[in-house]
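Here's the letter readout for the chains.
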Amino acid sequence: MKLVHPLMKYVRPGAISTATCAGCGDGIMAQAVLRAIDELELNIDDFVFVSGIGCAGWIPSPFFNADTLHTTHGRPIAFASGVKLARPDRKVVVISGDGDLAAIGGNHLIHAARRNIGMTVICANNGIYGMTGGQVAPTTPLGLKTTTTPYGNVERAFDLCALVEAAGASYVARWTTYHARGLTRSVKKALTKRGFSFIEVLSQCPVQYGRRTGVGNAVAMMKGYKENSLSVKKAASLNEEELKNKIIVGELVDKDSPELTEEIEKVRRIHE
Amino acid sequence: MIEIDEDLCKGCEICVAFCAKDVLEMSDKFNKKGVHPPLVVREEDCNLCGNCMLYCPDLAIVVAEEEESG
Ligand SMILES: Cc1ncc(C[n+]2csc(CCOP(=O)(O)OP(=O)(O)O)c2C)c(N)n1
Ligand code: SF4
Ligand code: SF4
Ligand code: SF4
Ligand SMILES: [Mg+2]
């Protein structure tokens, strides 16, 4: 008997293979998102997936057999906001890279979180511009030698979760591809959460990051995630020095706040 | 049981590295993509934990409980 992968039913016919390099963490993320939808027994036709430009933009598009909007670099949240305002009944999910969402698109991220618009943003953070050849990103670790920082990166990396939390998001979590189960749990939570939900996923780029920086292949990078991560609970008892270079994984924010499209609907009703 | 769709495999070795039971090994053969897919070599040791399936970035592995025959 030939077994069929239970998530293959969500893969667009013809898109038989992921668009990413061997061992790229983005494939693990794609699977975690599809598994969350499957476990929640949601209909993928009720979703609109929006992505920008970069390797991570290929996670949903064209791979997911659903409505996908592959937009311009940095702008998926802007497009997704339009989709959500026009069709508040749809589940709008942005999946894109760290450069896309936090560098060129950083302002959209901040304001979508501030507005608490009902969408889920999943950021594939590989700490680099993968697609264009491994240039430094605002998420690149301090000191790392990249294509554009041959003497080591002199800038500090953005803490994206802290940024989105400060801007007012309802749900914030961080995982790595090593934590595929925790990630799936968080995606399920995010998809059913009212308001803006954000999940940062440290996702290995074995080609532009691992190989060029000497960190190693996909296996070495995932082992690194395993060794360097600790739970939110554990992290709470450690000081800044002890937390240096550690990845804090788990749920960081889960709260209830007014959601933008519902607030707009209230105003509309008053003036009807 | 475990099934590997060899032609979907990109040969990253993640499944082999993260199987705590050493069930999988990389093979010498080439698939359609020209890479070495893994081989199930110790199926009897598999505890159906599902890690290999969860971690395969290319959906090339399926792990399922054996269906009862008859
Ligand atoms: C307006 C604009 N500026 C620059 C680029 C070139 N560009 C394409 S992808 C990319 C960055 C990709 O990095 P990231 O978003 O982190 O995605 P990754 O490839 O790492 O997944 C850049 C700068 C572009 N396509 N459009
Ligand atoms: S360059 Fe890096 S991020 Fe892009 S597909 Fe390859 S491994 Fe993934
Ligand atoms: S299901 Fe678990 S034990 Fe079995 S092959 Fe996969 S990783 Fe190994
Ligand atoms: S994890 Fe998947 S793609 Fe990687 S070697 Fe195993 S079967 Fe092949
Ligand atoms: Mg990136």
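Conventions used here
- Residues numbered from 1 in each chain as written.
- Chains lettered and ligands numbered in written order.
- Predicted model: local features only at pLDDT ≥ 70, side-chain atom pairs only at ≥ 80, totals over all residues.
- Heavy atoms only, no water.
- Helix = DSSP H or I, 4+ residues; strand = E, 2+ residues; numbered from the N terminus.
- Rg over C-alpha atoms; globule rule 2.2 N^0.38 Å.
- Buried < 20%, exposed > 50% of the residue type's maximum accessible area, 1.4 Å probe, protein only.
- Areas by Shrake-Rupley, 256 points an atom, 1.4 Å probe, with all protein chains shown as cover.
- Lys, Arg positive; Asp, Glu negative; His and termini not counted.
- Charge placed at Lys NZ, Arg CZ, Asp CG, Glu CD.
- Near = heavy atom within 4 Å.
- Nonpolar A, V, L, I, M, F, W, Y, C, P; charged D, E, K, R; others polar.
- 1 Å grid on protein atoms, 1.4 Å probe; cavity = no way out; pocket = protein on both sides within 12 Å on 5 of 7 lines; lining within 4 Å.
- Points joined across faces, edges and corners; volume = space filled by probe spheres on them.
- Polar contact = N/O pair within 3.5 Å; in protein donor to acceptor, adjacent residues only side chain to side chain.
- Contact = heavy atoms within 4.5 Å.
- Core = buried A, V, L, I, M, F, W, Y, C linked by side-chain atoms within 4.5 Å.
- Donors = N, O, S within 2.8 Å, 3.2 Å for Na, K, Ca; no water.

Draft legend 1. Layout of the overall build of chain A. For chain A, the helix and strand inventory stands at 10 helices and eight strands. Relative to the 2.2 N^0.38 estimate, which gives 19 Å for 272 residues, the radius of gyration of chain A is 18 Å and therefore close to what a compact globule would have. Summarising its shape, the C-alpha atoms of chain A cover approximately 60 × 50 × 35 Å along the three principal directions. The buried share of chain A, taken over its 272 residues, is 52%. Surface exposure of chain A reaches about 12,400 Å², of which carbon and sulfur atoms provide 54%. Between the averaged position of the 32 positive side-chain charges in chain A and that of its 26 negative side-chain charges there is a distance of 4 Å.

Draft legend 2. Representation of the site of ligand 2 in the model. Neighbouring ligand 2 are the residues Thr20, Cys21, Cys24, Cys55, Asn126, Cys205, Pro206 and Gln208 of chain A. The residue inventory of the shell around ligand 2, partitioned by class, reads five nonpolar, three polar and no charged.

Draft legend 3. Structural view of the layout of surface pockets. All names here are of chain A. Of the voids in this model, the largest pocket is the one considered here, and its volume is about 1,400 Å³. Lining the largest pocket are 33 residues, with Pro141, Ala157, Asn245, Lys246 and Ile247 sitting closest to its centre. Among the elements that make up the lining of the largest pocket, the one with the highest residue count is helix α8 (residues 218-228) (five residues). Residue composition of the lining of the largest pocket, by class: 17 nonpolar, eight polar and eight charged. Here the second largest pocket is characterised by a volume of approximately 240 Å³. As for the second largest pocket, its lining consists of 19 residues, and the residues nearest its centre are Lys84, Arg90, Lys91, Gly118 and Lys193. At the level of secondary structure, the elements contributing two or more residues to the lining of the second largest pocket comprise β3 (91-97), α6 (180-192) and α10 (260-270).

Draft legend 4. Representation of the site of ligand 4 within the structure. Close to ligand 4 lie Cys9, Lys10, Gly11, Cys12, Glu13, Cys15, Pro38, Cys56, Pro57 and Ile61 of chain B. Looking at side-chain class alone, the shell around ligand 4 contains seven nonpolar, one polar and two charged residues.

Draft legend 5. Just the side chain of Ser229 of chain A, in detail. Residues and elements named next belong to chain A. Along the chain, the position of Ser229 falls in strand β7 (residues 229-231). By relative accessible area, which is 15% here, Ser229 ends up buried. Separated by 2.7 Å, the side chain of Ser229 and the backbone oxygen of Tyr225 make a polar contact. Within the local environment of Ser229, its side chain forms a polar contact with the backbone oxygen of Lys226, the two atoms lying 3.4 Å apart. Not counting residues up to four positions away in its chain, the partners in contact with Ser229 are His179, Ile247 and Val249.

Draft legend 6. Region of the structure containing unusual backbone geometry. With omega at 5°, the peptide bond leading from Ser61 of chain A into Pro62 of chain A counts as cis. Looking at the secondary structure, you find Pro62 of chain A in the loop between β1 (47-51) and β2 (67-70). The phi angle at Asn245 of chain A is positive, at roughly 65°, despite the residue not being glycine. Within the secondary structure, Asn245 of chain A is located in the loop between α9 (232-235) and β8 (247-254). Accessibility expressed as a relative area gives 68% for Asn245 of chain A, which makes it exposed. In this model, Asp22 of chain B sits at a positive phi of 55°, which is unusual for a non-glycine residue. Along the chain, Asp22 of chain B falls in the loop between α1 (14-17) and β2 (24-26).

Draft legend 7. Geometry of the nonpolar core. Residues and elements named next belong to chain A. If you look at the biggest cluster of nonpolar residues, it comprises 37 residues, and the most contacted ones within it are Phe49, Ile59, Phe64, Ile95, Ile122, Leu183 and Ile199. Within the residue set of this core, elements represented by two or more residues are α1 (25-39), β1, β3, β4 (120-125), β5 (171-176), α6, β6 (197-202) and β8. Among the elements that take part in this core, α1 stands out by supplying seven residues, more than any other. Setting aside residues up to four positions removed in sequence, Ile122 forms contacts with Met29, Val33, Val93, Val94, Ile95, Ser96, Leu101, Val187, Ile199 and Val201. Counting residues in each nonpolar core, the second largest holds 25 residues, with Ala113, Ile117, Cys123 and Val253 among its members.

Draft legend 8. Seen up close, the coordination of the magnesium ion (ligand 5). All names here are of chain A. Distances from the magnesium ion (ligand 5) to its protein donors, namely Asp98 (OD), Asn126 (OD1) and Ile128 (O), fall within the range 2.0 to 2.2 Å. Linear spacing of the donor residues for the magnesium ion (ligand 5) on their chain is D-x27-N-x1-I. With a gap of 30 residues between them, Asp98 in helix α3 (residues 98-104) and Ile128 in the loop between β4 and α5 (160-167) connect regions that are remote in the sequence. With relative accessibility at 2%, the residue Asp98 sits in the buried group. Accessibility expressed as a relative area gives 2% for Ile128, which makes it buried.

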